[in-house]
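# Overview (structure and organization)
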Amino acid sequence: MGEALDFTLPEHVEALREEVRRFAHKEIRPHVMTWDEGRIFPEALMRKLGEMGMLGIIFPEQWGGAGMGYLEYAVVVEELARVDGSVGLGVAAHNSLCANHIYSQGSEDQRQRYLKPLASGQVLGTWALTEPGSGSDAGALRTTARLAGDTWVLNGTKNFATHGTVGGIAVVMARTRPGAGSDGISAFILEKGMPGFRAGKQENKLGMRASDTSELILEDVAVPAANLLGAEGVGFKQAMTTLDGGRISIAALALGMAQGAFEASVKYSAMRRTFGRALNEHQAIQFKLADMQVQIEAARLLVYRAASLKDRGLPYAKAAAMAKLYASEMACRVADEAVQIHGGYGFIKDYPVEKFYRDVKLCTIGEGTSEIQRMVIARHIIGESRP
Ligand SMILES: Cc1cc2nc3c(=O)[nH]c(=O)nc-3n(C[C@H](O)[C@H](O)[C@H](O)COP(=O)(O)OP(=O)(O)OC[C@H]3O[C@@H](n4cnc5c(N)ncnc54)[C@H](O)[C@@H]3O)c2cc1C
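Everything in this summary refers to the structure shown in the same document. Along each chain, residue indices are assigned from 1 in the same order as the chain's sequence is written. Per-residue local features are limited, in this predicted model, to residues with pLDDT of at least 70; the limit for side-chain atom pairs, both in listing and counting, is 80 or more; totals at the level of whole chains, interfaces and linings are taken over all residues. Heavy atoms throughout the structure, all of them, feed into the side-chain values; hydrogens and water do not.

On to a nonpolar patch on the surface. Residues enter patches when they are more than 30% accessible in relative terms and free of salt bridges; like-charged ones are connected within 9 Å and nonpolar ones (Val, Leu, Ile, Met, Phe, Trp, Tyr) within 5 Å. Per-residue and other accessible areas were derived by the Shrake-Rupley procedure at a 1.4 Å probe size, with only the shown protein chains allowed to occlude residues. By salt bridge we mean one thing: a side-chain nitrogen of Lys or Arg within 4 Å of a carboxyl oxygen of Asp or Glu. There is a patch of nonpolar side chains on the surface, built from Leu5, Phe7 and Leu301 and spanning about 380 Å² of accessible area. A run of DSSP states H or I qualifies as a helix once it reaches four residues; a run of E qualifies as a strand once it reaches two. Both are numbered from the N-terminal end. In this fold, Leu301 is placed in helix H8 (residues 283–311). Only protein chains enter the accessibility calculation, which uses a 1.4 Å probe. A residue is then buried if its area is under 20% of the maximum for its type, exposed if over 50%, and partly exposed in between. The exposure class of Leu301 is partly exposed, given its relative accessible area of 48%.

Below, the structure written as structure tokens:
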């Protein structure tokens, strides 16, 4: 007899799911539309999440983290996003972009000074790769860092930085060698309050409106040499590796929102009546619900598989890109069907599916668009097929 493949999650992960689900129901659900309509960043809520260990999920306890893995992390982001995508996005960007870049590439001293306050939730993290002229083509970034004695002087503009306004610590990618392409990029840790470093325009967005997305302006910011992350010239490679892990959380974000939109549709279709019967007694609606659930479950398997590969120290970059691509496109389809099932009530703000429909779109764009995921997956396929 071969060993059976077990698709159930460990008990402690299901217990964590329950804990986060209860928290989201009590602390997030009542405020979702107020935050969305008012573009209010829920600072007090983020503090509570910090106290629960949710801002340091994937880091060892010695660094102020909760000492868990990516599987737990995916489930936490999924459950938060099931209620509010903006909160899920905040937890994701903080953990796997800013804090994880410092954890995986930082020195002991950098971890002590910056990872500890991030992982314990004392301060929010920002991670700034994208610029007005370079998003998908991140290697073309133009922010410069020039060495003057023992400080780097940074100049440039970053945009679309999650927690750009509210963040206290930022990892910023800048060009240290002009003309060297992606090999001339390095990563730096910046602190809020450094002279010349400030948030610029705060974006007014289609969705994820309770998430803070801002420009970052850098004008002759003097950054101590000790704040260079790793070696000079490896910042682009570091950023790509950071994104590989981050994609698991964006996939989980999409999964959670799809689940939320699906559950709302199941509930609504049982309650709403047309032509003398409940909506869910019409076969066309039943088929929609069936297709939604199948796609959500397929995405869930991809997300947990990518997380589990990472936790086991196995190659996971292709699996993460596959999970991100499938889960994000699936979530857009599911949210679309959810609005359709609600009819006119799906188009107004009294029901949650209108917001899911707007929020999920971010998942096919942030941390590498769907087109970029396909490029990453194709690169792996071609690389694997070389003799
Ligand atoms: C809400 C939000 C939060 C974000 N948070 C952060 C953050 O915290 N930090 C950060 O650094 N960035 C962040 N981003 C930026 C995000 O990662 C970029 O928007 C994304 O990578 C796409 O870059 P772009 O917007 O410049 O689009 P572009 O790169 O200009 O792409 C435009 C379109 O062209 C396609 N395209 C581009 N090149 C190719 C190609 N070679 N082949 C085929 N198609 C191609 C793209 O897929 C896309 O469809 C955030 C964005 C948003 C909207």
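This brings us to unusual backbone geometry. Of note, the phi angle at Met208 is positive, near 50°, even though the residue is not glycine. Summarising the element assignment, Met208 is placed in the loop between strand S6 (197–202) and strand S7 (213–224). The exposure class assigned to Met208 is buried, which follows from its relative accessible area of 1%.

Right, let's talk about the side chain of Glu367 for a bit. Relative to the helices and strands, Glu367 is located in the loop between helix H10 (353–359) and helix H11 (370–385). For the purpose of charge, His is not counted, nor are the chain termini; Lys and Arg are scored as positive and Asp and Glu as negative. An unpaired buried charge is present at Glu367: no salt bridge exists, and Arg247, the closest side chain of opposite charge, is 5.8 Å distant. We call two residues contacting when some pair of their heavy atoms lies within 4.5 Å. In contact with Glu367, not counting residues within four places along its chain, are Leu97, Leu243, Gly246, Arg247, Ile250, Lys324 and Gln373.

Our focus in this paragraph is the environment of Leu115. Tracing the backbone through its elements, the reader meets Leu115 in helix H6 (residues 108–119). Counting along the chain gives 169 residues from Leu115 to Ala284, while the straight-line C-alpha distance between them is 51 Å. What Leu115 contacts, discounting residues up to four positions off in sequence, is Phe59, Trp63, Ala99, Ile102, Tyr103 and Gln110.

Here we come to the site of the ligand. Throughout this document, a residue counts as near a molecule or strand when at least one of its heavy atoms sits within 4 Å of that molecule or strand. Lining the immediate surroundings of the ligand are 17 residues, of which Thr130, Ser136, Phe160, Thr369 and Glu371 lie closest. As used in this structure description, the phrase polar contact means that two N or O atoms lie within 3.5 Å; if the pair is within protein, one of them must be able to donate a hydrogen and the other to accept it, and residues adjacent in sequence are counted only when both atoms belong to side chains. For the ligand, a nitrogen atom lies 2.7 Å from a polar atom in the side chain of Thr130. Residue Gly135 places a main-chain N or O atom 3.5 Å away from an oxygen atom belonging to the ligand. Burial of the ligand by the protein amounts to 63% of the accessible area it has alone, namely 980 Å². Considering each element in turn, the shell around the ligand owes the most residues, three residues, to strand S3 (residues 151–162).

Further remarks concern the environment of Met52. On the secondary structure map, Met52 appears in the loop between helix H3 (43–51) and helix H4 (70–81). Residue classification places Met52 among the partly exposed positions, given a relative accessible area of 25%. Once you skip the residues sitting within four places of it in the chain, Met52 turns out to touch Glu19 and Phe23.

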